[in-house]
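Residue-level structural notes
As a plain string of letters, each chain reads:
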Amino acid sequence: MRDGSNILKPQDLAGKTIATPYVSTSHFSLLAALAHWQVNAQQVKIINLGPTEIIAAWKRGDIAAAYTWDPALSAIKQSGKVLTDSEEVGRWGSPTFEAWIVRNAFAEQYPEFVQAFADVTLAANLEYREYGHRWTPSSPQIQAIARISGSRAADLPQLLKGSRFPTAQEQLAAELLGNDKASGLARVLQSTADFLKAQKKIDRVLPDYRNIIDTKYVTQAAHSQGSKLSSASSMPNSLPKQARNDAFNTLAGPATSAAEAL
């Protein structure tokens, strides 16, 4: 919230203008926070602005608050205060995270590749957990992420600090992947689908998302963690080039985010 906006408590957001990128994790978390505070979203003017536009609107005094991520978040915090962040909103029952997704047909045809992909990804999570605090914009890992993502290397160390990278065992817990009886991921997929349908981005919502969660790859990776983990060089080279591209186009990354704030 911007200094001088007369927002002393969450209920003071009523009647104020809040900026966030529409249909983003920030938008999702903003609506979840308002619901938690019992602030009617219809009583708040939520406008669609990207991070760069938020900084400009903030400087002009056009908005009283914003839900966004770094580097925009760091810029506006210089003349504002944080009411909540996505880590806290997650504890309230609406976490945001990325999930790896693979097509059934691809997984059936190339199971070794999917397993190697899971192994390498979880090995990277462990590497960051152990050594990420040492990474700087010039570190090879940061340079690689900048090259792949198109982000500025200078921004990445702070951005990464805002996310949590769970181990294989942590991902198997009920809070995340869980099982057919209790799955935090299934619950969040449900609420995310409800959110996207309300935003008219999808046409329908499934009655239950537990049956699309397959834990066997993470379970196998969990057996590897603590011994010798796979490296990037262990990816099967026999996989056809187009198939390798298709795999990465149908997969997205597993980290829980706390790097966004209001």
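Before reading further, recall that the structure is shown in the block above.
Read on for an overview of the structure.

Conventions we followed
Residues numbered from 1 in each chain as written. Predicted model: local features only at pLDDT ≥ 70, side-chain atom pairs only at ≥ 80, totals over all residues. Heavy atoms only, no water. Helix = DSSP H or I, 4+ residues; strand = E, 2+ residues; numbered from the N terminus. Buried < 20%, exposed > 50% of the residue type's maximum accessible area, 1.4 Å probe, protein only. Contact = heavy atoms within 4.5 Å. Areas by Shrake-Rupley, 256 points an atom, 1.4 Å probe, with all protein chains shown as cover. Arc of directions from axis to C-beta. Phe/Tyr/Trp six-rings, centres within 6.5 Å; stacked < 30°, edge-to-face > 60°. Salt bridge = Lys/Arg side-chain N within 4 Å of Asp/Glu carboxyl O. Pairing = 2+ DSSP bridges. Axes fitted to C-alpha atoms, helices over the stretch in contact; angles between N-to-C directions. Right-handed = clockwise from strand over helix to strand, strands pointing away.

1. A closer look at the overall build of the protein chain
What the protein chain contains, in helices and strands, is twelve helices and seven strands. Within the span of the protein chain, comprising 262 residues, buried residues form 42% of the whole. In the protein chain, once contacts between residues fewer than 6 apart in sequence are set aside, the share between residues at least 24 apart is 71%. Approximately 14,600 Å² of the protein chain is accessible, and the part contributed by carbon and sulfur atoms is 51%.

2. Considering helix 2 (residues 51–60)
Burial in helix 2 covers these residues: I54, A57 and W58. Along the long axis of helix 2, the arc covered by the buried residues comes to 105°, so they all point the same way. Structural note: helix 2 exposes T52, K59 and R60 on the side pointing more than 90 degrees away from its buried face. Downstream of helix 2 by one or two residues, G61 has phi in the positive range, about 80°.

3. Quick look at the packing of aromatic side chains
Going through the model one piece at a time under the given rule, you end up with eight aromatic pairs. Relative to F117, the ring of W100 lies with its centre 4.8 Å away and its plane at 85°, an arrangement referred to as edge-to-face. Linking W100 in the loop between helix 4 (86–91) and helix 5 (104–109) with F117 in helix 6 (residues 111–131), this pair joins segments that are 17 residues apart in sequence. Ring centres of F106 and Y110 lie 5.0 Å apart, and the angle between their planes is 50°; this geometry places the pair in the tilted category. An identical accessibility class is assigned to F106 and Y110; each is buried.

4. With respect to the pattern of salt bridges
If you walk through the whole model with that rule in mind, you get nine salt bridges. K81 serves as the salt-bridge partner of D3, at 3.2 Å between the closest nitrogen and oxygen. Residue D3 is found in the segment before strand 1 (17–20), and its partner K81 is found in the loop between helix 3 (72–77) and helix 4; the two are separated by 78 residues along the sequence. Taking the relative accessible area as the measure of exposure, K81 reaches 52% and is therefore exposed. Of the charged contacts, one joins R164 and E175 as a salt bridge, the two residues approaching to 3.5 Å between their closest N and O atoms. Here the residue R164 occupies a position in strand 5 (residues 163–164), and E175 occupies one in the loop between helix 9 (168–172) and helix 10 (184–198), the gap between them amounting to eleven residues.

5. With respect to the side chain of H27
Among the structural elements, H27 can be located in helix 1 (residues 25–36). With a relative accessible area of 4%, H27 lands in the buried category. Leave out the neighbours within four places in its chain, and H27 touches T20, P21, Y22, F195 and Q199.

6. Side note on the sheet that holds strand 1
The sheet built from three strands is open, its strands ordered 2-1-3 with parallel pairing. Only two strands of the sheet have a single neighbouring strand rather than two, namely strand 2 (45–48) and strand 3 (65–66). Relative to strand 3, strand 1 runs parallel, the two sharing two bridges. Following the sheet pairing, I18 is matched in strand 3 by A65. Across the sheet, helix 1 is in contact with strand 1 and strand 2; its angle to strand 1 comes to roughly 145°.

7. Details of the pairing of strand 1
Each regular strand carries side chains that alternate between the two faces of the sheet. Every second residue of strand 1 is oriented toward a common face, with T17 and A19 on one face and I18 and T20 on the other, all of them buried. Direction of pairing for strand 1 relative to strand 2: parallel, over a ladder of four bridges. When the sheet's bridge partners are listed, T20 is paired in strand 2 with N48. Crossover connection from strand 1 via helix 1 to parallel strand 2: handedness right-handed.

Scope: geometric values only; no functional claims are made or implied.
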